[in-house]
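# Results of the structural survey
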Amino acid sequence: MQTMEPKGATGQAELLKNLRTAGGAYAMFIDGQWGAAADGGTRELVNPANGDVIAKVAEGSQADAERAIQAAHDAFYKGPWGESNAQDRAKLLFRLADKIDEHAAELSRMETLNNGKPLRETEYDMADAANCFRYYGGLATKPSGQTFDVPAASQTMVVREPIGVCGQIIPWNYPLLMAAWKLAPALAAGNTCVLKPAELTPLTALRLATFFEELELPKGVVNIVLGAGPVVGHAIAASPLVDKVAFTGGTKTGRSIMQAATGNLKKISLELGGKSPNIVFADADFDTAVDYALFGIFANAGQVCSAGSRLLVQDSLHDKLLPRLVERAKKIRVGDGFDPQTEMGPIISRAHQEKVEAYIRAGIEEGATLECGGQRPPGELGEKGNFIEPTIFSHTKPGMKIVQEEIFGPVLVVQRFKDEAEAIALANDTIYGLAGGVFTNDIAKAHRVIRKLRAGITWINTYHPTYNEAPWGGYKQSGIGRELGTHGYDAYTEVKQINVNLAVEPSGWFS
């Protein structure tokens, strides 16, 4: 492993100058206004690469969440947004996408400062976020609904209408991109939104709110509320004024949100955890398989719900692939995201770093072989930042904690299999079903295996590329519903049946 010493974000004050302040902290955006938390609460944000405090933001309470929910409710049911047309919504989303493109360099640096990931990753995320808004801007005006030939002189049609007030709770691993995944389809369909960014990474969401302000979005249509999940997130999930809640994050929290949502039986979309298998058969292209095995787990330091955290390797290839994998992993450049040579950044927080390290200790205690990594980098990087070296375990068993539980860090577990049947059995042997990959030059075998994987997102001879046009979500305890694509748009709509009598005359049913 090569380490890059922290460089820091030059001109930090200049980078954050466009954020609005109130009460001595960066403010929330509620009902078209910027303001401090109702109780004056604040939170310090820390750069995970070096431990420096980078900003102070408002820390919202239940009262702030309720005020935002009421604003969204009024904007939908009393304001002009409820009567908005698809063309105007499309124009807004296109202009928003242009704003993101225009400020992409600023946004990517802000996200690297707040989240820690390398600039080359945040730059890609900004482009992807802009494309998401642009995709749903285009989708907003496309044909939808159905008509039916029915008996008698009647016309029956089905239309889609917005659900209403949508509460949206997003994680810290892709801050702006996850905001785009939630906001773009919701706004395209005509809903109003209460967005709660992760408490650790709210900066780019707040910058996004300044764009809404500049574009003169009607007040209350989008509200950005900061604060802790158990406080603000719970208030959103439990509120009777919220018609839908969409959450991306851990499975345990997803269960809590699902329970809170039962109060008014609101619609829910849950994109939760994963322990995804990446299956490499002996006939796979060797260099391609090694490359994507690394990318599948060490991109974003493994802090990806769909990470290929379990590498299943066929017996006859295992002893050739494992040494090459370890050799490559040790060369990954770990460091500050602002260093152009950095290939893998830090863990988001000290608490999460310690959680990942506890899993590494558990793997050793359970008898797995630690092939590389498992430590903090030496020197200042490891002392001040939340870094963990790229880590690989071999000689694992299916029942091990590191094989069954989502670690959400740069930790790969390698499993061996004999044949196609065993590969499928091992791949499906977890409570999760988010993603999975297959590497083989036998395309028929690839399709056979993919069809047997109990997972919602799959790849053949690649891993991780995703597209706004295709649905995202998982089987089993990896979630409920789908985001992105037309499925993601439909998830923010209600379906209404309309029957029209074309022969307006008494039915004669009663004498």
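Just above, that's the structure.
Below you will find a few notes about this structure. Just so we're clear, the structure is a prediction, and the values are computed from it rather than from any experiment.

Turning our attention to the overall build of the protein chain. Scanning the protein chain for helices and strands turns up 17 helices and 26 strands. For the protein chain, the C-alpha radius of gyration of 24 Å lies close to 24 Å, the compact-globule estimate for 511 residues. Viewed in the frame of its principal axes, the protein chain has a C-alpha envelope of about 85 × 60 × 40 Å. Buried residues in the protein chain amount to 57% of all 511 residues. Sequence separation of at least 24 residues holds for 74% of the intrachain contacts in the protein chain that already meet a minimum separation of 6. For the protein chain, the accessible area works out to roughly 20,700 Å², and carbon and sulfur atoms hold 51% of it.

Let's shift gears to the environment of N18. Here N18 lies in the loop between α1 (12–15) and β2 (21–22). For the pair N18 and T210, spaced 192 residues apart in the sequence, the C-alpha separation amounts to 7.9 Å. When neighbours within four sequence positions are excluded, N18 is seen to be in contact with E106, R207 and T210. For N18, the side chain forms a polar contact with the side chain of E106, separated by 3.4 Å.

All right, on to unusual backbone geometry then. Positive phi, close to 55°, is recorded for D31, a residue that is not glycine. Structurally, the position occupied by D31 is in the loop between β4 (28–30) and β5 (33–35). Look at L265: it is not a glycine, yet its phi comes out positive at around 50°. Within the secondary structure, L265 sits in the loop between α9 (251–260) and β14 (267–271). Assessed through its relative accessible area of 69%, L265 is described here as exposed.

Judged by which residues are buried, strand β23 (residues 457–460) turns out to be one-sided: I457 and W459 face inward and are buried, whereas T458 and I460, on the alternate face, are not. The pairing of strand β22 (residues 435–439) with β23 spans 4 bridges and is parallel. Across the sheet, V438 pairs through a bridge with I460, a residue of β23. Following the chain from β22 across helix α16 (residues 443–452) to the adjacent parallel β23, one finds a crossover that is right-handed.

Scoring rules and cut-offs
- Residues numbered from 1 in each chain as written.
- Predicted model: local features only at pLDDT ≥ 70, side-chain atom pairs only at ≥ 80, totals over all residues.
- Heavy atoms only, no water.
- Helix = DSSP H or I, 4+ residues; strand = E, 2+ residues; numbered from the N terminus.
- Rg over C-alpha atoms; globule rule 2.2 N^0.38 Å.
- Buried < 20%, exposed > 50% of the residue type's maximum accessible area, 1.4 Å probe, protein only.
- Contact = heavy atoms within 4.5 Å.
- Areas by Shrake-Rupley, 256 points an atom, 1.4 Å probe, with all protein chains shown as cover.
- Polar contact = N/O pair within 3.5 Å; in protein donor to acceptor, adjacent residues only side chain to side chain.
- Pairing = 2+ DSSP bridges.
- Right-handed = clockwise from strand over helix to strand, strands pointing away.

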